[in-house]
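# Understanding the architecture of this molecule
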Amino acid sequence: MEAQATMNRSVAAGAPPAVSGVPVRRISWRPSRMQLGLSALALITLYFVTQASSANLFTFNSCLLAAMGAIALNALMGTAGQVSIGNSAFLMVGAFATVFFYRLGLPFPANVICAGLAAGVAGAIVGLPALRLRGLQLALATLAAFYIVQYLANEYQSRASNAGSGGFSITPLFQSKGLVGAQKYWAVTLLVVTAGLIVIASRTVRHRSGRAWRMIRDHETAAPALGIAVTRSKMTVFALSSVVIGIEGGLTAYLTGSVIVDNFTLLLAVSYIAMVVIGGLDSIAGAVIGAAIITALPTVVPKVVAHVIGAQSAAQKGASISQIIYGLLLVVFVTSSPKGITGWFRRLQERAAGRRWAFKWRPVEQAAQRSLSNTPFAGPIRKEAGSA
Amino acid sequence: MTQIIVSLIGGVSLGGTYALIALGIVLAYRATSTFNFADGEFMLLPAYFVGAWQAKHDASLGVALLGGLAIVAVIGVAFYLLVLQRTTGLHHFMGIVATLGLAAVLDGVMLLIFGSPEYTIRASFLPQGVVTIGGARFSATTLTLTAFTLVLAACVAAWLRFTNTGRRLRAAGQDPVLASQGGINVRSYYTWSWALAAVLAGIAGVVYGMTNVVDSSLVNVALVAFPAIIIGGLDSIEGAVIGALMIGIFQGFVATYLGSQLLDVLTYALLLVVMLTFPRGLFGTKQVMRV
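Residues numbered from 1 in each chain as written. Chains lettered and ligands numbered in written order. Predicted model: local features only at pLDDT ≥ 70, side-chain atom pairs only at ≥ 80, totals over all residues. Heavy atoms only, no water.

## Description of the overall build of chain B
Put simply, the rule is: Secondary structure elements follow DSSP: runs of H or I of four or more residues count as helices, runs of E of two or more count as strands, with numbering from the N terminus. As defined in this context, the radius of gyration uses C-alpha atoms, and a globule is described by 2.2 Å times the residue total to the power 0.38. Three labels apply to residues, based on accessible area from a 1.4 Å probe with only protein chains included: buried if under 20% of the type maximum, exposed if over 50%, partly exposed otherwise in between. Two residues form a contact once any of their heavy atoms are found within 4.5 Å. Calculation of accessible area relied on Shrake-Rupley with a 1.4 Å probe; when residues are assessed, cover is drawn exclusively from the protein chains displayed. His is not counted, nor are the chain ends, whereas Lys and Arg count as positive and Asp and Glu as negative. We put the charge of a Lys on NZ, of an Arg on CZ, of an Asp on CG and of a Glu on CD.
Summing up its helical and strand segments, chain B has 11 helices and 2 strands in all. The C-alpha radius of gyration computed for chain B amounts to 19 Å, which stays within 12% of the reference 19 Å derived for 291 residues, consistent with globular compactness. Principal-axis analysis of the C-alpha atoms places the extent of chain B at approximately 55 × 45 × 35 Å. Per-residue burial over chain B gives 57% buried out of 291 residues. Within chain B, residue pairs in contact and separated by at least 24 positions form 75% of the contacts whose partners lie at least 6 positions apart. Split by element, the accessible area of chain B, about 11300 Å² in all, is 65% carbon and sulfur. Averaging the positions of the 13 positive and the 10 negative side-chain charges in chain B gives two centres separated by 13 Å.

Here is the structure:
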């Protein structure tokens, strides 16, 4: 639907009506949703770079990094419908591969890119079971991958010289720019990287491969009949999303300056799922919004809570309170708003366009008029007795 | 020889715990086709409750146990009624995502209420002392608890297979519409199966806490039940028990001969191998690839 809308818009924009005698507005350029989003992101970055302290900037940078992973997971889970709870495995591969190449002596961008490729290979290997397994079993396969990667990373960490239980430390990027300056440089760098990723990702999911992924998500058995190479598509989406997550892991290592196995938990993987679900499945803007919310929670919540229960106990309890909040958010969104935050926007838009809620079930004849893309997932649905 | 017996009995004792967890997960899965990723929290909560109770008041394990199990059963039922029922009609993985959310909430709540303590649950009524089997020495408590978990798991499995209630419960999960036309109150069976699943997990947690330290890592024990369920064949109740025993014994041997740091990785590697070569498991039905 989005792709179609953009197309219509560009056709309309390309041929301004020329009526003689009436002054024609020369510039009828309307920004696409992606351009609007990117400019908003740039403005927010500008705000943080000019205003914020280094701590806030660090949180903002973490949000941008998380947004990369969320976009990747969104392609895998939201667009292609492959459930993965092994994201921290790929983050771990990215971070540890970066350390590996760093210790080999590769300079900055090269080692992160190599780490991304390594994560991509790991993703393709984990994707192998995806060729045979679906849904729950695939989720368990990614869980298995998590434990296997964790073991390997632990071995590497304990065997490597001058690492040990404290993990590895690498020189953070832009260290020479000072505490705040480094974070500012990071913000701009990450903005460029994330914006590039957004452009690439939205092109990918709107075009041929994205349509193939959606078909696999909704009707895997029918997809081959439409000439979709299911095997290749699944492998591609697994590998691509792992490359991005791996690069994110490497960049995170450079941002924080330390890599340690204990940081990559199953809960981290769940938080990425939360980002995608809260933001809205199959929506890149949603992934970014969800990433911002989930990443900012542990920083924002203690500050808010401090007003209620005092600063000291807020510092103690902030982490668990924010965990409760994000779990609740996850549950609430799944039950009452499964299309996530972008679902709200879409609903508002549809309302503004004079249509009634596309959300509620309506009588058959009306439902038939509804465009197919409004159905959240036409694929295998949870069935229950319902009103029977 | 001694080592083999140690691995075997240690493994069976682990397997008994896994069997209870796996039964609970399979039960909830059979009823509502949702895999409960919050089962570890369902184990930990009663174990914490009993541990905290025993730290404050002396003895009276029974009351604490009942209280802990009641709490977790209420949570399970509330989760089904308030959350899972409302995910009907959505993609299957939304149910899983909801259980992940529940796990996060319960983790946070337990951290708030209990902090991160380390309890050992005392059960003085259990036989103490040491029993020697084939040259290997075992504590009588462990053996009793192992027997208890195995008998309980077998009883629940038999109850689900042979009684009318169990049959109705399975029917409700298999074909809700047909079952409801047969006069089965499908919703109430689903609700009860979530309560039972939570209670089974809670018992497993408390029993585990009687021989091991109860801390937040207990949650990971439930995750080991997943390989057991896959090996047993996802939707099979007997399969879950047998798969749990196999995983337990496998872990017993791994721990003895290869070292406990390899436990997780080898268990999950086994899971991958089984899923790739034999995705149906031992007793699973073929149509189960539906999530």
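## Looking at the nonpolar core
Here is the rule: What we call a nonpolar core is a set of buried Ala, Val, Leu, Ile, Met, Phe, Trp, Tyr and Cys residues that are connected through their side-chain atoms within 4.5 Å.
Residues A:Leu140, B:Ile21, B:Phe35, B:Phe37 and B:Phe226 are the most contacted members of the largest nonpolar core, which totals 189 residues. Discounting residues that sit within four places of it in the chain, B:Phe226 has contacts with A:Leu140, A:Leu143, B:Ile25, B:Phe35, B:Asn36, B:Phe37 and B:Leu271.

## Focus on helix α10 (residues 237-257) of chain B
All names here are of chain B. Basically, it comes down to this: Any helix carries an expected span of 1.5 Å times its number of residues minus one. Think of a polar contact as two N or O atoms within 3.5 Å of one another; within protein, one of them needs to be a possible hydrogen donor and the other a possible acceptor, and neighboring residues in sequence only count if both atoms come from side chains.
In a regular helix each residue adds 1.5 Å, so 21 residues correspond to 30 Å; α10 covers 31 Å between its end C-alpha atoms and thus fits that length. Residues of α10 that are buried include every one of Ile 237, Gly 239, Ala 240, Val 241, Gly 243, Ala 244, Ile 247, Gly 248, Gln 251, Gly 252 and Val 254, and no others. Where the residues of α10 are buried, they touch α1 (2-32), α5 (140-162), α6 (164-174), α9 (219-232) and α11 (263-277). Sitting at the amino-terminal end of α10 is Ser 236, which places a side-chain oxygen 2.8 Å from the backbone nitrogen of Gly 239. Positive backbone phi, at 105°, marks Gly 259, one or two positions downstream of α10.

## With respect to a nonpolar patch on the surface
Residues and elements named next belong to chain B. The following threshold applies: Patch definition: residues with relative accessible area over 30% and no salt bridge; like charges joined within 9 Å; nonpolar side chains (Val, Leu, Ile, Met, Phe, Trp, Tyr) joined within 5 Å. One side-chain nitrogen of Lys or Arg within 4 Å of one carboxyl oxygen of Asp or Glu is enough to make a salt bridge.
The grouping of Ile 242, Met 246, Phe 278, Leu 282 and Phe 283 at the surface amounts to a nonpolar patch, some 450 Å² of accessible area in total. If you trace the backbone, Leu 282 turns up in the segment after α11. Given the relative accessible area of 43%, Leu 282 is considered partly exposed.

## A short note on helix α8 (residues 186-211) of chain B
The first and last C-alpha atoms of α8(B) sit 38 Å apart over 26 residues, in line with the 38 Å expected at 1.5 Å per residue. Within α8(B), 20 of the 26 residues are buried, which leaves the element mostly enclosed by the surrounding structure.

## Concerning the pattern of salt bridges
All names here are of chain A. Here the structure, examined in full by the defined rule, presents 6 salt bridges over all chains. Between Asp 282 and Arg 217 there is a salt bridge, with its nearest N and O atoms 3.2 Å apart. Separated by 65 residues along the polypeptide, Asp 282 in the loop between α10 (266-279) and α11 (284-309) and Arg 217 in helix α8 (residues 208-218) bring together distant segments of the chain. Arg 217 shares its class with Asp 282; the two are buried. Across the salt bridge formed by Glu 220 and Lys 234, the nearest N and O atoms sit 3.0 Å from each other. A residue pair is termed long-range when its members are at least 10 positions apart, and Glu 220 in the loop between α8 and α9 (230-256) and Lys 234 in helix α9 qualify at 14 residues. This pair shows no difference in class: Glu 220 is buried, exactly as Lys 234 is.

## Focus: the confidence of the model for chain B
For clarity, the cut-off: Think of pLDDT as the predictor's per-residue confidence, scored from 0 to 100.
Looking at chain B as a whole, its pLDDT mean stands at 88, while 98% of the residues score no less than 70. Interface confidence for the predicted complex, given as ipTM, is 0.87, next to a pTM of 0.85.

## Points about the environment of B:Val186
Among the secondary structure elements, B:Val186 is positioned in helix α8. In this structure B:Val186 comes out as buried when scored by relative accessible area, which is 4%.

## As for the interface of chain A and chain B
The parts lose accessible area when they come together, and the size of an interface is often stated as this lost area. Stated precisely, the cut-off is as follows: Each of two parts loses accessible area, computed with a 1.4 Å probe, when they are put together; buried area is these two losses added. Throughout, the ten residues Ala, Val, Leu, Ile, Met, Phe, Trp, Tyr, Cys and Pro are labelled nonpolar, Asp, Glu, Lys and Arg are labelled charged, and all others, Gly among them, are labelled polar.
Each partner contributes to the interface: chain A provides 45 residues, whereas chain B provides 59 residues. Between chain A and chain B, roughly 5000 Å² of surface is buried when both sides are summed, and carbon and sulfur atoms account for 75% of that area. The tally of links between chain A and chain B comes to 0 salt bridges. Along the contact surface separating chain A from chain B lie 1 residue pair in polar contact (both at pLDDT 80 or more). At the level of secondary structure, the elements contributing two or more residues to the side of chain A that touches chain B comprise α5 (108-132), α6 (135-159), α10 and α12 (311-336) of chain A. Class assignment for the residues of the side of chain A that touches chain B results in 31 nonpolar, 9 polar and 5 charged.

## What to know about the packing of helix α4 (residues 87-104) of chain A against α9(A)
Residue and element names in this part refer to chain A. This is how the line gets drawn: Axis lines are fitted to C-alpha atoms, over the contacting stretch for helices. Their N-to-C directions set the angle, which ranges from 0 to 180 degrees. Throughout, the term roughly parallel applies to angles under 35 degrees, roughly antiparallel to angles over 145, roughly perpendicular to angles from 65 to 115, and oblique to all others. Throughout, a crossing is termed right-handed when the near helix is turned clockwise from the far one, and left-handed when it is turned anticlockwise from it by less than a right angle.
Put simply, α4 and α9 touch, their axes get as near as 7 Å, and they point 55° apart. Comparing their axes, α9 and α4 come out oblique. The element α4 and its partner α9 pack so that their crossing is right-handed. Where α4 abuts α9, its residues Asn 87, Phe 90, Leu 91, Gly 94, Ala 95, Thr 98 and Tyr 102 lie against Ser 242, Ile 245, Gly 246, Glu 248, Gly 249, Gly 250 and Tyr 254.

## So, unusual backbone geometry
A positive phi is found at A:Asp282, a non-glycine position, where the angle reads about 60°. Of note, the phi angle at B:Ser33 is positive, near 45°, even though the residue is not glycine. When you line up the elements, B:Ser33 lands in the loop between α1 and α2 (39-56).

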